[in-house]
Every structure is written in C-alpha cells, then in structure tokens.
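Observations on chain architecture
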Amino acid sequence: MTVQQPPVGELQSIPALLARNVARFGHRPAYREKEYGIWQSWTWAQAAEEIRALALGLLALGVRPGDHLAIIGRNRPAHYWGMIAAQMCGAIPVPLYQDAVAEEMAYVLEHCGARFVLCGDQEQVDKVIEVERSTGALAQIIYTDRRGMRKYDHTRMNALADIQAEGRAAAQRLGPQLDSLIAGLDYDSTCVMLYTSGTTGRPKGVVLSNRNIIETARNTAQFDNLTQTEEIVAYLPMAWVGDFIFSMGQAVWSGFTVNCPEGAHTMMTDMREIGPTYFFAPPRVFEGQLTSVMIRMEDAGRIKRWLFRRGMAVARRAGPALLDGRPVPLGDRLAYGLGKIFVFGPLKNTLGLSRVRVGYTAGEAIGPEIFDFYRSLGINLKQLYGQTEASVFITQQPDGQVRSDTVGVPSPGVEVRIGENGEVYYRSPGTFVEYYKNAESTASTKDPQGWVATGDAGFFEEATGHLRIIDRAKDVGKMADGSMFAPKYVENKLKFYPNILEAVVIGNGREYCTAMINIDLSAVGNWAERNNISYGSYQELAGHPQVYATIKEHVEAVNRSVAEDPMLSGCQIHRFLVLHKELDPDDGEMTRTRKVRRAVISDKFADLVTALYDGSPSIHTRTEVTYEDGRKGQISATLRIEDVQVFGEALQHKVAAE
Amino acid sequence: MMQAHEGYVTEDGRQIGGTVMELKNITLRFGGVVAIKDISFDIRQGEIRAIIGPNGAGKSSMLNVISGFYHPQQGEVWFKGYRRGPMKPYQVARLGIARTFQNIALFDGMSVLDNIMTGRLNKMKAGFLSQAMWWGAAEREENENREAVERIIDFLEIQNIRKTPVGRLPYGLKKRVELARALAAEPQLLLLDEPMAGMNVEEKEDMSRFILDVNDEFGTTICLIEHDMGVVMDLSDRVVVMDYGRKIGDGTPAEVRANQEVIDAYLGVAHD
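Keep in mind that this is a model prediction, so the values were computed, not measured.

Comments concerning the overall build of chain B
Scanning chain B from terminus to terminus reveals ten helices and twelve strands. The C-alpha radius of gyration of chain B comes to 19 Å, within 12% of the 19 Å expected for a compact globule of 272 residues. Overall, chain B is about 65 × 45 × 40 Å in size when its C-alpha atoms are taken along their principal axes. Per-residue burial for chain B yields a buried fraction of 38% across its 272 residues. Across chain B, every contact between residues at least 6 apart in sequence was considered, and the portion connecting residues at least 24 apart equals 68%.

This is the structure we're talking about:
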C-alpha cells in the first residue's frame, strides 16, 4: 500500500504527519532502540505521546516560536522526538555533529543563537558548558542520559525525562497553547536547520522548510515504493541531511520504523538483528565491509575459500543481470540458486543485508568492484547524487538502470541543467530556503529563478540520460601545459584499492601530478600479519619498503588506466609519498563527512609538497596532531618519495621535469 | 570498640559518611620480611580513598589485608562495626567487598557477559536441581541478574564486546571488564588494584571517569591503589601514602602534596 498524496492544506508539517500516522498505523512500531541488550520499541501512538509530553515540557521551560534548539547526540529515539517536539513549539531544531570539537560547536551555537541545547550525555554537556561563555544566548541545557550528571549545577539544566514529566503535569494548562502552535505550522515554516560541513570556510546553516522536506520525502518515497513496512537503521550522524531525510522525512511520511543501534560500535551486530529493508551507507562503509569479508575469507579453510570463489564467480556473471531483470541462461540461474543457498544467502545475512530491498550509496564515487560485489549478491544497491541544499535528492538511479559510473536520472520533481563551464545546476521543491544569516552566500548559490549551483562538474550521457559527475568544479584545474587537471577522478581510482584509504593528488598549474597517500590500516595491517612483517606503529607500517612497493604498483596501475583517457592523461602521477598520519577531521584535514580539504592540506604539508616537486628522495617533517579531547601534540617522521612510471604521452612531461 | 568518625563534605560537595572500615596498627610479615609496619587508617562511607607509594611500598599487601586475603600478624580490621577475623574469599564477598586485580584475573575462554555474570554468583540462591533443569527460581534469577549485568555493561560502555571471549580483548578493555565484574556484586566497598597500570593517556582518562561515575551513581565506597600520582590526586578524596611498609602521610590530596616526607619519598631522598 502506498500513501496517497494529501490534499492541499493538510499535512504540511512533521507534527501533522505524526498525527496522521497515529490514526493510520497507531499500533505499528515507529521507533526501536537497543538498550540493556534488548530492543525497546515504541508504536506511533506511544511515540506521539512521548513527543507531546516533551513539547509541553519545552513550552513550560520557556521555548518560544523562532527559538533554536540544538541537538547533539547519537541516533536515539529521544533525539528524533526532540526535533519534532521543537517543531511543535514553533522552534527550529538544529542537529549538530556529536564528534565536533568544542570550537566548531561554539561557532554553530553562536551563529544560530541557540537558546536551548539537547545533549546526549555528559560528554556533550561538558562541551556545551565549555563554549557557553562565548555563545551567550544559551538559556537551558537538556540531557538524555543521566549518568554522571548528578553533581552538575542544575539551575539551568534538566534531564529529558524530567522535562517530559513536567510536560505531562502541565498537559491541561499548556495543551491548548501547544495545539494552536501546531495548527500554525505550514509548508513555509522551517522544518530543520542543518549546518553544512563546509569543505571551505565556515559551516553554513541551511534552512529547510516543511515544503522542502515533505515534498522531497513524498516524491522519493514514491520513486522507490517505500511503505510503512520498511525497516531502517539510523546510524549516520543526525546532523547530516541524509539522516534527516531518511529517519525523519521519509520515515514520518511513509510511517516506517526507525531502529537506533545501541552505539556506534555495535552497529554491525544491531543491523544483523534488524535486517533493514531500506539502507543507506556512504561508499566507505561498503568498502570497509567488503575489506573485512575478504580478509576473513583469506583466513577461512580451503573448502570455504573454494566455495566462496566459485560462488562469487557465478554471482558476478549472473547476479547483476538477474537484479536488473535481464535474461540469464538457465545454467547460470541454477548455479546462482545454489550459490544463494550456500554462499550469498549466509553472507548477506552476516552483513545484515538479507532483507534490503532498496539500498543507496552517495557522497563519494564508489569503486566499480565494490559496487558490483554487492549487486552480484542480489542486493539492490543504487547510487544517488545530492546535497544538503537540495534536501538530498538531485539525481538517483531507477531500479533496473544501475551502473557504478553514473549517478542516475533527475529525481522526481527535480530539474537539472549543465552550465557552460560544465557545472551542474538544479531546481526542485527540495531546494533550500536560505543560508541562515548569510544573504550573500544565499544569493551567490541560488539565483532568482531558483537554480542552485552544485559546485560539481558533470555531464549527461546522451544514450541513457544519466548524469555523470567528474569532480568538484572548483577543483578541476589546468596543468602548466594547459591539459585538464581533475584530482578527484584520480584519487577515486586510487582509493578503489583496499590498501589505500585516502589520496590527495596535487598538480594544479604544475608540470606534473604528484600524490600523498594514506594506507588503510586494517587492510595493510592484515597483509603485514600474513607476511610476517612486524611494525610498531601506523607510521612505521606506512613507511615500510614493501608497503611502498605495493602502493607503487597500485599507482602505476592507476596511471595506466588514466592514460587511456586522452583528455585526462595529464593527470598521471609522477611521484608519490605515503603519509605518516591518517588525515583526520580533528586536525582539520578533512570535513566531518570525510572529504579532504585541499587548501588545509597543501598549507599544512607545504614542506611535503615542495619535496614532491624538487626531486628530493626523502623529507623530514614534523606535524601537529590533535587528540580526541582537543589537546595537541607533535609527530615527526622521515618520508620517502617514490618515482612512478607513467604511460603514453605523459612520459614527455617527466623527461621535461627532470 | 571501633570509634565512629563524623562524616565530612568534599570539595565538590559530596557528603561523606562515617567510618566503613578501620585498620588499627596493622603489621604484616612474610617470614623475616616486614611488608607493613604498624599502619592505621580508616575508610569512610562514600569516599574515594587512595593508597599510594613507590614500588615495593607495601600497597598491594595492604589491599590484600583489606580484602581479607592476607591475615596480619598484629592489628585489627574492623568492617561495618565488627571486628573481622580470618575469613575465606567468598565470605569477604558476602560481606560486600569486591575487588579487581593488578594482573587481571578473568576467565579468558568465557565471554564478557559470562565473566560479569560470575560477579553475581553471591546473588543467586537457586538450588542445584533448579539450576540444572532451568526451571522456576533459576530462570527468574537468571533474568534478574542478566538485567543487572546489562545495566553495568551499559554503564561501562562495553556493549560491543558483550559476546566476545575475554581472551581476545586488549588490555585496557580487560581492565574495564574486571571492574564490571566487581560492580556486578553490588559491593559496598570496591577495591581497585592499580586500575590504571599499563594504560595510555586516553584509557586512563576513561577509567578515571568510570571510577568517579561508579562512586557518584551507586554511592560505592572505593579504595584504590595507584602509583600514577597525577591520576590519584585528581580522583581521590583522601590519600594514604606508604613507603617501605610505613605510613608517611594521610590526608586530602592537597595536604599530602605539601607533606615533606611524601615529597622526599617520591623524589628519592636517601633513607637510613
């Protein structure tokens, strides 16, 4: 059963949809959370009661329409309720990244002028107290987990359960006021404000209205036939627009169940227990899963290894075709059926993906091998392309038209065009209202006709109508000889190797390209163990000659593949080094969503960049690192720089450079 | 008869009660070696009491006296108003004393959950038959105890290793599991033998946090041994300083820090 489109004038807010869900699926589970080793669950009716109590409590606490309520914590039902309760009061929920350091948090709290903060636990409360002085506007802190909170000064602090108790007590006094506030919400009311991670500069507060969220949720839920029977696992940061769309917009629209894991570390076990039917993960999660499967298969006995290899060969041949409904020879069908019983079925079950009906990945390019691996298991993994400003969806792949190198066709209701410089523009009902308190950026991003520049360069494939993304428009540059420089294109090819976690390609305006590479500790560490290579630290492993040799092979293979495309053959890597530390958001080298910040890196590692271009065989460097609690330290290392073979025309550059 | 001491209020505003345990003129010898020389001090309700000292000062021996594992040749041990004679470990546990060990004493082949469950043994009363048949009291008890254990697992944030065999865990986590097992007994007095030994800075901070939280949340009286001075001074309400089996200082961290004899012991002034 799919949900009907509402008549105009109804269901123009999340609280209104909540009320509809209570009426329609009151006894179906709305939220589950694993706590004390058991899945606790709340039906839509129970959740609505909890949310109303919380909203009444917030009113009693002094939340007024237009206030901002920041939410900092892991994915928990209480935090989703906090967002809906804030909306009921006419306030604006602002979820923040819980791993943000105090300084980042201070900026956001000050920028939105949050008067109320809902913290998950003591750790978050401590951070808020630390930055409170500079933000000023803060009136009250609410916390979910009572642990360790007893000794705090409670004049301006409350446990969430206490707020709810107060709300229940005040139900008769404040009920009518709350009802009129809820009735006052419409399509133009702000649904949520989300701060973009900001690959450059300060984060910006993206204001999304009820129209943005509800229209997007409705269109995309219909696109994939999402119903109230879906199960999703909410594990991605609540501050990320994707989680808001999946766990709030689509969940409330379709009435499906949001399952919150016990904690980040139990995610895999919890997912296996739930068996989601609708699943989103960024490519690195799929990569990580595949790497761990491969590592464990190498440790398995001979019979299992043989079974796996045979099974996967069949799967690769027949799986994607079966999934797309293309004809498959009878023999392969039979073999696939056997493989399903003995190999893929159990494997999917172990990964918690047995029931996935619709799976999405986005955010970064996904390696073709990785993508095909999941599809050949019979998992309907698709790609989408989106951003915060679009309420996620710009393009997505329809069932049966799935490939690893495109991001699909425009989502329902979205118009997409390619600018003269190759930049992708879109216009949709999901297009954001504005950047909060930043009219200048709003104007430069969204033109008066509502077209938004994505900042990505791409093109439509003529034959299929699918969009392909090359790189960030501003990162696409020119080499010294005028040939095209697309760093991300090369970095993605490098990152498809399990041994390479991150790569940064340098070369804009230069004679030739070079790269800084991060090894993947789990993959390389396992390899080291297998080959009896001992190492004392990440740094030592990263600098090991055999690791260098392996990475060099990968880089050469990438050069060979880059050389095949005459337009991009100038992007081949002539020299590289393996970094002595992992690029880390805490050090500002990546965003919280793990995108590399090129400017920061080229600044911070300026000495390494110089060494990559002055022909020196090695470089001694000292780097500042930030520990989890915000303290700083120094590490020093001597890094080797390796020359790599290049192919085709690009060979000449190398000769010229030397 | 034991003297009842007045309670006091700590710097951070916690009310500390009267004396829980009192040690009077304890002397412990191993053959000709005198490990503890005529030491007296007390532990009061709800406080975090630390015993510190350089290596070989007799700290662990002292803890073993408190836990009833060693029987001092001279002196008296008073617990909750009664003078304690020599007793078996299970009798100590029944009195409400639990401990962790410096060199980790867990069951390596058992899961984290089962290890912590062993801490609940003294709460289980179902008979052998009932346990074997998993019927009646045994089932009810197991459910109750499992819930208590799950709350501790949640409290110490080890949900992700619930089913992992202890032998596969890294050192820092084993320490936490040991603390969990001790907590599972719902002790009135918790003894921690070098809870921070061999940990890195972050693990130490986590462990400190947990110790404070245990004290705060369950009101457990804690007596700990540690030789990392910085950690101890931040953590404890009162500190006993030992050196060569003698007590050379006793008081709040600030008082102890100002004590010349303590400074000498730590800076290594020559002894006669």
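Considering the overall build of chain A
Across its full length, chain A carries 22 helices and 28 strands. Over its C-alpha atoms chain A spans a radius of gyration of 26 Å, differing by no more than 12% from the 26 Å that the globule rule assigns to 658 residues. Dimensions along the principal axes, computed over C-alpha positions, put chain A at roughly 80 × 65 × 55 Å. Counting the 658 residues in chain A, one finds 49% classified as buried. Summarising the internal contacts of chain A: among those between residues at least 6 apart in sequence, 65% fall at separations of at least 24.

Thoughts on the sheet that holds strand 19 (residues 434-435) of chain A
All names here are of chain A. Spatially, three strands are ordered 8-9-19 in an open sheet, and the strand pairing comes out antiparallel. Each edge of the sheet is formed by a strand with only one pairing partner; in this case those strands are strand 8 (190-195) and strand 19. The sheet contact formed by strand 9 (residues 205-209) and strand 19 spans two bridges and is antiparallel. Note that in strand 19 the partner of Val207 across the bridge is Glu434.

Focus: the domain arrangement of chain A
Residues and elements named next belong to chain A. In terms of domain boundaries, chain A breaks down into domain 1 (14-280), domain 2 (283-432 + 439-472) and domain 3 (477-657). Contact residues are listed per partner, giving ten residues for domain 2 and twelve residues for domain 3. Listed by contribution, the elements that provide at least two residues to the side of domain 2 that touches domain 3 are helix 11 (283-299) and strand 21 (467-472). Its residues placed into classes, the side of domain 2 that touches domain 3 shows three nonpolar, three polar and four charged.

Thoughts on helix 11 of chain A
For helix 11 of chain A, built from 17 residues, the straight-helix expectation of 24 Å at 1.5 Å per residue is met to within 8% by its first-to-last C-alpha distance of 25 Å. On its buried side, helix 11 of chain A packs onto strand 13 (358-361) and helix 14 (368-376) of chain A.

Side note on the sheet that holds strand 2 (residues 38-43) of chain A
Backbone-to-backbone hydrogen bonds pair the strands of a sheet. The strands run either parallel or antiparallel. Residues and elements named next belong to chain A. Taken in spatial order, the four strands line up as 2-1-11-10 in an open sheet, and their pairing is mixed. Each edge of the open sheet is held by one strand with a lone partner, namely strand 2 and strand 10 (231-233). Recorded for the sheet is a direction-independent mean angle of 20 degrees between the axes of neighbouring strands.

Description of the packing of helix 2 (residues 44-61) of chain A against helix 6 (residues 160-169) of chain A
All names here are of chain A. Contact geometry of helix 2 with helix 6 gives a least axis separation of 7 Å together with a crossing angle of 90 degrees. Considered as vectors, helix 2 and helix 6 are oriented roughly perpendicular to each other. Residue-level contacts link Glu50, Ala53, Leu54, Ala55, Leu56, Gly57, Leu58, Ala60 and Leu61 of helix 2 to Ile163, Gln164, Glu166, Gly167 and Arg168 of helix 6. Its residues assigned to classes, the contact of helix 2 with helix 6 comprises eight nonpolar, three polar and three charged.

Side note on the packing of helix 2 of chain A against helix 7 (residues 171-183) of chain A
Residues and elements named next belong to chain A. Contact geometry of helix 2 with helix 7 gives a least axis separation of 10 Å together with a crossing angle of 95 degrees. It follows from the interaxial angle that helix 2 and helix 7 lie roughly perpendicular. On helix 7, the residues touching Ala55, Leu56, Leu59 and Ala60 of helix 2 are Ala171, Leu174, Gln177 and Leu178. Residue composition of the contact of helix 2 with helix 7, grouped by class: seven nonpolar, one polar and no charged.

Details of the pairing of strand 12 (residues 246-251) of chain B
Residue and element names in this part refer to chain B. Taken together, the five bridges between strand 11 (residues 238-243) and strand 12 define a ladder with antiparallel strand orientation. Residue pairing for strand 12: Asp243 is matched across the bridge by Arg246. Counting the residues between successive antiparallel strands, the hairpin from strand 11 to strand 12 contains two residues, one of them, Tyr244, with a positive phi of roughly 50 degrees.

Some thoughts on the environment of Gly73(A)
With respect to the helices and strands, Gly73(A) occurs in the loop between strand 3 (68-72) and helix 3 (77-88). Along the sequence, Gly73(A) and Met238(A) sit 165 residues apart, while their C-alpha atoms lie 7.8 Å from each other.

Topic: the environment of Gln572(A)
All names here are of chain A. Within the element layout of this structure, Gln572 appears in the loop between helix 19 (545-563) and strand 26 (573-578). C-beta crowding within 10 Å serves as the criterion here: with 28 such atoms nearby, Gln572 is assigned to the buried category. Separated by 109 residues in the primary sequence, Gln572 and Ala463 place their C-alpha atoms 29 Å from one another.

Digging into the interface of chain A and chain B
Facing twelve residues of chain A, the contacting portion of chain B comprises 13 residues. Residue composition of the side of chain A that touches chain B, grouped by class: one nonpolar, five polar and six charged.

Here's the deal with unusual backbone geometry
Unusually for a residue other than glycine, Ser391(A) sits at a positive phi of about 55 degrees. With respect to the helices, strands and loops of the structure, Ser391(A) is situated in the loop between strand 14 (381-387) and strand 15 (392-396). Its identity is not glycine, yet Asp38(B) carries a phi of approximately 50 degrees, on the positive side. Tracing the backbone through its elements, the reader meets Asp38(B) in strand 4 (residues 33-44).

Remarks on the pairing of strand 4 of chain B
Residues and elements named next belong to chain B. One ladder, built from eight bridges, connects strand 3 (residues 19-30) with strand 4; its direction is antiparallel. Bridge assignment links Leu23 to a residue of strand 4, and that residue is Phe41. In textbook terms, the turn of a hairpin is the stretch between consecutive antiparallel strands, and for strand 3 and strand 4 this stretch comprises two residues, one of which, Gly31, has a positive phi near 60 degrees.

Comments concerning the confidence of the model for chain A
Of all residues in chain A, 96% attain a pLDDT of 70 or more, and the chain-wide mean is 88. Residue range residues 654-658 of chain A is modelled with pLDDT below 50. Its contacts to residues more than four positions away, or to other chains, number seven contacts.

Observations concerning the confidence of the model for chain B
Taken residue by residue, chain B gives an average pLDDT of 86. The fraction at 70 or more is 94%. Confidence metrics for the complex model read pTM 0.79 and ipTM 0.72.

What counts, and where the lines are drawn
- Residues numbered from 1 in each chain as written.
- Chains lettered and ligands numbered in written order.
- Predicted model: local features only at pLDDT ≥ 70, side-chain atom pairs only at ≥ 80, totals over all residues.
- Helix = DSSP H or I, 4+ residues; strand = E, 2+ residues; numbered from the N terminus.
- Rg over C-alpha atoms; globule rule 2.2 N^0.38 Å.
- Buried ≥ 20, exposed ≤ 12 C-beta atoms within 10 Å, placed from the backbone.
- Contact = placed C-beta atoms within 7 Å.
- Pairing = 2+ DSSP bridges.
- Domains from an automatic or database assignment.
- Nonpolar A, V, L, I, M, F, W, Y, C, P; charged D, E, K, R; others polar.
- Expected span 1.5 Å × (residues − 1).
- Axes fitted to C-alpha atoms, helices over the stretch in contact; angles between N-to-C directions.
- Parallel < 35°, antiparallel > 145°, perpendicular 65-115°, else oblique.
- pLDDT = per-residue confidence, 0-100.

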